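Given next are the chains, with one letter for each unit.
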Amino acid sequence: MKLKPESSAKISEIFFSFQGEGLFAGKPQVFVRFSGCNLSCSYCDTYHKSGKDMTPRAALLEILGLIRNHFKSNNKIFKPSVAFTGGEPLLRADFLSAVLPELKKAGVKVYLETNGILFKEYARVSGYVDVVAMDIKLMPDCKNSSLALHRQFLKACRKKAFVKIVLTDKTARAEFVKALSLIAGISKKVSLVLQPATGQNGRLGIKPARLYEFTRLAREKLNNVYVLPQMHKIWNIR
Ligand code: SF4
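Residues numbered from 1 in each chain as written. Predicted model: local features only at pLDDT ≥ 70, side-chain atom pairs only at ≥ 80, totals over all residues. Heavy atoms only, no water.

(A) View of unusual backbone geometry. Note the cis peptide between G86 and G87, where omega equals 10°. Position of G87 among the secondary structure elements: in the loop between β7 (81-85) and α2 (93-105). Here the amide bond leading from M139 into P140 is cis, since omega sits at 0°, within 30 degrees of zero. Note that P140 resides in the loop between β9 (131-135) and β10 (142-143). Phi at N74 is positive, roughly 50°, even though this residue is not glycine. As for its position among the elements, N74 is in the loop between β5 (72-73) and β6 (76-77). In this structure, N144 takes a positive phi of about 70° despite not being glycine. You can see N144 is positioned in the loop between β10 and α4 (147-157). By relative accessible area, N144 is classed as exposed at 55%. (Helix = DSSP H or I, 4+ residues; strand = E, 2+ residues; numbered from the N terminus. Buried < 20%, exposed > 50% of the residue type's maximum accessible area, 1.4 Å probe, protein only.)

(B) Expanded view of α4. Residues of α4 that are buried include every one of L147, H150, F153, L154 and C157, and no others. End-on view of α4: buried residues confined to an arc of 115°, all on one side of the axis. On its buried side, α4 packs onto β8 (109-114), α3 (119-125), β9, β11 (161-167) and α5 (173-186). (Arc of directions from axis to C-beta. Contact = heavy atoms within 4.5 Å.)

(C) A look at the site of the ligand. Every residue lining the ligand is accounted for by C37, L39, S40, C41, C44, H48, G87, N115 and K137. With respect to the pocket detection grid, the ligand is positioned in the largest pocket. Of the residues in the shell around the ligand, the class split is four nonpolar, four polar and one charged. (Near = heavy atom within 4 Å. 1 Å grid on protein atoms, 1.4 Å probe; cavity = no way out; pocket = protein on both sides within 12 Å on 5 of 7 lines; lining within 4 Å. Sits in = over half its atoms within 2 Å of the grid points. Nonpolar A, V, L, I, M, F, W, Y, C, P; charged D, E, K, R; others polar.)

Right under this line is the structure:
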């Protein structure tokens, strides 16, 4: 494994758990959580300043060690899957460009969780990504978000992506409708997961009547709409 140390990234944690969000909720995965983000969301539950600089080689050794511990049975490795999450993983495209090809060589499925803005960076690694869990971030909940950039991003990853939109009691209906039009304009078949903001005790951050209304609006425009809270907060795991 020859990897350049200069493409290091600040990593908050690497750990094994179960996917808690979106269409793959419940899937066993190794998680690589990056520190730092290009957006600022009112409901963000990630502490962006923690973490340590890791070289691609050090991260790979840790990832592959967790895969051996959790996906090995009878001397065979069964369907290993690694989720890159954040923060925003695509801020560290150099690091991903070094790590992802090595994971693909090892037969690992790569799952990218992204805020769906950095489409040029995505283009650098898209060939190594199996699934894109792409957020569409809405104003005013998320500062610096941009529907124009989300559109570019979704066009680039449409065949591998499902979209997630977090809903709170402050989510603006007009922004939500614009996001639905954006997705439908690319394809009505793109799956959309509506994710009520979820507190640690599993309490939802949106009233049921609003959630029903947003779901109805989404189903008018798109073929595949799901509603799922953050399951890991209900299970009380990482
Ligand atoms: S995009 Fe995600 S990680 Fe970044 S601030 Fe928003 S919720 Fe937090």
